[in-house]
Amino acid sequence: MAKQRSVWLTLTLALALAATGCSSTKKDAVPDEPPEVLYQDAQARLQAGNFIRAAELLEAMDSRYPFGAYSNQVQLDLIYAYYKQDDTARALANIDRFIRLNPNHPSVDYAQYMRGLTNMATDYNFFQELMNIDRTDRDPAYARQAFADFRQLLRQYPDSVYAADARARMISLKNRLSKYDLAVAQFYMKRGAWLAAANRAKQIVESYPDTDTLRPALEIMAEAYNTLGLTQMANNAKAVLRANYSAG
């Protein structure tokens, strides 16, 4: 037993030393170079698509030179590096940090734009897209936040170079959000929850009138109100249908 205990102690010590060595190696992975040298290296890694190594270099710069000449640009580059790695949590944390510390910086519009992109990426599920699985019934919390991020960008910086792309992405997000609301309204209809269905369909009509979900939303409103005996409201929905769709 004593011999076994000795073997286990030796193994434990060896593992501890190995872990310490690995930790030390990772900590010292970024050489002690001047900031301009590290930054040039980080930029080269970003250009080459080596986002993991770029982030390591930028993190080291952020830690070693928090008030240096490159500090703001390092933070912006870190946001991009995290985003490209799909490390959305750290990307969002750095975005919020940059905006909080630099509210008047000329690149705040970029940070706000990246906030929208990052939340949009969080909503996106690669495996479901790859397998062509319907995502309309998934909670769109991140899509809503991305829409709000882009909307804030357009309100605060309407002439930003990122404004046009933000508008295009908002169209896609509106379609995503309206389809989710339609799926919820249809679910309520199947359950016979007529008032809940009508209210969710009304939300689509008011919030997303320029999407393909307008017609089925109006049809749900007409049917639900009619079932509830709310004849005037049902007739109003039918009138909007007729005005917008010749076959309605």
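The rules behind the values
- Residues numbered from 1 in each chain as written.
- Predicted model: local features only at pLDDT ≥ 70, side-chain atom pairs only at ≥ 80, totals over all residues.
- Heavy atoms only, no water.
- Salt bridge = Lys/Arg side-chain N within 4 Å of Asp/Glu carboxyl O.
- Helix = DSSP H or I, 4+ residues; strand = E, 2+ residues; numbered from the N terminus.
- Buried < 20%, exposed > 50% of the residue type's maximum accessible area, 1.4 Å probe, protein only.
- Core = buried A, V, L, I, M, F, W, Y, C linked by side-chain atoms within 4.5 Å.
- Contact = heavy atoms within 4.5 Å.
- Phe/Tyr/Trp six-rings, centres within 6.5 Å; stacked < 30°, edge-to-face > 60°.

The final tally for this structure, using the stated rule, is 14 salt bridges. In this structure, Glu-59 engages Arg-90 in a salt bridge whose closest nitrogen and oxygen atoms are separated by 3.1 Å. In this pair, Glu-59 is assigned in helix α3 (residues 51–64) and Arg-90 in helix α5 (residues 88–101), connecting sequence segments 31 residues apart. With a relative accessible area of 37%, Arg-90 lands in the partly exposed category. Residue Asp-87 pairs with Arg-90 through a salt bridge whose shortest N-O separation is 2.6 Å. One salt-bridge network, held together by shared partners, links Glu-59, Asp-87 and Arg-90.

What follows concerns the nonpolar core. A general feature of soluble globular proteins is that nonpolar side chains tend to end up buried together. Ranked by internal contacts, the top residues of the largest apolar core, which has 24 residues, are Ile-79, Ile-95, Phe-98, Tyr-113, Met-114, Phe-150 and Leu-173. The set of elements that each furnish at least two residues to this core consists of α4 (71–84), α5, α6 (108–123), α8 (141–156) and α9 (163–191). At seven residues, α6 tops the list of elements feeding residues into this core. Once you skip the residues sitting within four places of it in the chain, Leu-173 turns out to touch Met-120, Ala-143, Ala-146, Phe-147 and Phe-150.

This structure, assessed with the given rule, holds six aromatic pairs. Between Phe-51 and Tyr-80, the aromatic rings sit 6.0 Å apart at their centres with planes inclined by 80 degrees, giving edge-to-face as the arrangement. One end of the pair, Phe-51, is in helix α3; the other, Tyr-80, is in helix α4, with 29 residues separating them in the sequence. Residue classification places Tyr-80 among the partly exposed positions, given a relative accessible area of 31%.

In short, the description is geometric, and any link to function would need to be established separately.
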